[in-house]
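Listed below, chain by chain, are the residues.
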Amino acid sequence: MIAIAHVSDLHLDGGPRATERAERVMSYLRDLPGPLDAVLVTGDIADHARAEEYQQAKELFALPHPVLVLPGNHDRRAPFRTGLLDGKPDDEELNQAVRAGGATFLLLDSTVPGSDDGVLSDHTLAWLEDALAQEPTDRPVFVCFHHPPVELHTPYVDRVRQFHEDRLAEVLARHTHVVALLCGHAHVAAATTFAGLPLLVAPGVASTVPLPFEGRDAVDYELAPGLAFHLLDDRRRLVTHYRALS
């Protein structure tokens, strides 16, 4: 069994509200009596991409489990690299291949500098194609990014989702060992499919985006922060459980 905790959209800004909600989630993960193979954080870790926000995130991510991070539209690549990955302040696209718990996580950069929209560039898609080709076909692969490549029927988010997604679908169709696509950005727990694969969206830590018929504001700051647990068994059956931490 491979066990993954999936969180997203902490939007750390130095304020007490975002800090408390992020600490609530990380304390829950830190205090789990059993191990996790990975904690995946799918972007918008910092709200303003400031060095002190990434320093706070790094302290929060001091967990007894491997923590995998990728950028969202509120993050910036250079301070993200230096603050969370101990890298050089490089503004190039940030794509990573990480092995954890018997699976490979391909962490893609779907951000577009200066925009809230998401796109996987030609460079990133070529990187993905090559990374998938190098992986043994008997090893499960999770493809991860910030922006969902489909409409989730939340207009507030759908306007800034991942576009030109047909090119991603073409790459995925050539590889059979991808188990699922994992993303954030939507601030809502959601499950759908893309290119014949599960597309699983983590709820927001900082806030929730309600559906239009719920009759609330575009962003709800009172609903509890949440996370997802993805469990992959030896038969490659993937099961997802969502938790709200009141």
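Predicted, not measured: the structure shown is a model, and the values here were computed from it.

K.L.:
Even after reading the chapter, I still don't get the overall build of the chain, so can you show me in this structure?
P.N.:
For the chain, the count of helices and strands is 6 helices and 14 strands. What you see for the chain is a C-alpha radius of gyration of 17 Å, in line with the 18 Å of a compact globule of 246 residues. Viewed in the frame of its principal axes, the chain has a C-alpha envelope of about 45 × 45 × 40 Å. Taken across its 246 residues, the chain has 54% of its residues classed as buried. Considering only contacts within the chain whose residues lie at least 6 apart along the sequence, 66% involve residues at least 24 apart. Put simply, the chain shows about 10,800 Å² of open surface, and 51% of that area lies on carbon and sulfur atoms.

K.L.:
Is there a simple way to explain the sheet that holds strand β13 (residues 226-232) in this structure?
P.N.:
Within a sheet, neighbouring strands are paired by backbone hydrogen bonds and run either parallel or antiparallel to one another. The strand order across the open sheet formed by 5 strands is β3-β2-β1-β13-β14, and the pairing between neighbours is mixed. Unpaired on one side and paired on the other, β3 (67-70) and β14 (238-244) mark the two borders of the sheet. Taking the axes of each pair of neighbouring strands and ignoring which way they run, one obtains an average angle of 20 degrees across the sheet.

K.L.:
I'm lost on the side chain of His 175 in this one. Help?
P.N.:
As for its position among the elements, His 175 is in the loop between α6 (166-173) and β10 (178-183). The class of His 175 is buried, set by a relative accessible area of 13%. Within polar-contact distance, the side chain of His 175 engages the side chain of Glu 129 at 2.7 Å.

K.L.:
Can you walk me through the pairing of strand β4 (residues 96-100) in this structure?
P.N.:
A regular strand places its side chains on the two faces of the sheet in alternate fashion. Here β4 pairs with strand β5 (residues 103-107) via 5 bridges, running antiparallel. Looking at β5, one finds that Val 98 is bridged to Phe 105. The antiparallel hairpin formed by β4 and β5 contains 2 residues in its connecting segment, where Gly 101 sits at a positive phi of about 60 degrees.

K.L.:
Can you help me understand the packing of aromatic side chains in this one?
P.N.:
Centre-to-centre distance and the angle between the planes together describe a pair of aromatic rings. A full pass over the atoms with the stated rule returns 2 aromatic pairs. Centre to centre, the rings of Tyr 54 and Phe 80 are 5.8 Å apart; their planes meet at 75 degrees, and the pair counts as edge-to-face. With Tyr 54 in helix α2 (residues 51-60) and Phe 80 in helix α3 (residues 77-84), this pair connects stretches of sequence that are 26 residues apart. Under the relative-accessibility criterion, Tyr 54 is labelled buried at 0%.

K.L.:
Looking at this structure, how should I read the sheet that holds β4?
P.N.:
Overall, mixed pairing links the 6 strands, which are arranged β4-β5-β8-β10-β12-β11 in an open sheet. Taken across any chain shown, the strands that pair with only one partner, and hence form the sheet edges, are β4 and β11 (190-194). Shown here is a sheet whose adjacent strand axes are inclined to one another by a mean of 25 degrees, direction ignored. For β5 and strand β8 (residues 141-144), the ladder comprises 4 bridges, and the chain directions are parallel. Looking at the pairing, Thr 104 lines up with Val 141 of β8. Sheet contacts for helix α4 (residues 122-134): β4, β5, β8 and β10; angle to β5, the most-contacted strand, approximately 170 degrees.

K.L.:
Is there a simple way to think about the nonpolar core in this case?
P.N.:
By size, the foremost hydrophobic cluster in this structure holds 28 residues, and its most contacted members are Val 7, Leu 10, Met 26, Leu 29 and Phe 61. Residue assignment for this core shows that the elements contributing at least two residues are β1 (2-7), α1 (16-30), β2 (38-42), α2, α3 and β13. Element by element, the count of residues in this core is highest for α1, at 4 residues. Those residues in contact with Met 26 that lie beyond four places of it in its chain are Val 7, Leu 10, Leu 60, Phe 61 and Leu 63. Counting residues in each nonpolar core, the second largest holds 27 residues, with Leu 132, Val 143, Val 188 and Leu 199 among its members.

K.L.:
I'm lost on the pattern of salt bridges in this one. Help?
P.N.:
Proximity of charged atoms lets side chains of opposite charge pair with each other. Following the criterion strictly, the structure yields 10 salt bridges and no others. Close ionic contact of Arg 50 with Glu 53 constitutes a salt bridge, the shortest N to O distance being 3.9 Å. Overall, the relative accessible area of 1% leaves Glu 53 in the buried class. Measuring nitrogen to oxygen at the nearest pair gives 2.7 Å for the salt bridge that ties Asp 86 to Lys 58. Of the two residues, Asp 86 sits in the loop between α3 and β4 while Lys 58 sits in helix α2, which places them 28 residues apart along the sequence. On the basis of relative accessibility, which here comes to 33%, the residue Lys 58 falls in the partly exposed class. Connected through shared salt-bridge partners, Arg 99, Glu 135 and Arg 139 make up one network.

What counts, and at which threshold
Residues numbered from 1 in each chain as written. Predicted model: local features only at pLDDT ≥ 70, side-chain atom pairs only at ≥ 80, totals over all residues. Heavy atoms only, no water. Helix = DSSP H or I, 4+ residues; strand = E, 2+ residues; numbered from the N terminus. Rg over C-alpha atoms; globule rule 2.2 N^0.38 Å. Buried < 20%, exposed > 50% of the residue type's maximum accessible area, 1.4 Å probe, protein only. Contact = heavy atoms within 4.5 Å. Areas by Shrake-Rupley, 256 points an atom, 1.4 Å probe, with all protein chains shown as cover. Pairing = 2+ DSSP bridges. Axes fitted to C-alpha atoms, helices over the stretch in contact; angles between N-to-C directions. Polar contact = N/O pair within 3.5 Å; in protein donor to acceptor, adjacent residues only side chain to side chain. Phe/Tyr/Trp six-rings, centres within 6.5 Å; stacked < 30°, edge-to-face > 60°. Core = buried A, V, L, I, M, F, W, Y, C linked by side-chain atoms within 4.5 Å. Salt bridge = Lys/Arg side-chain N within 4 Å of Asp/Glu carboxyl O.

Nothing here speaks to function; it is all geometry.
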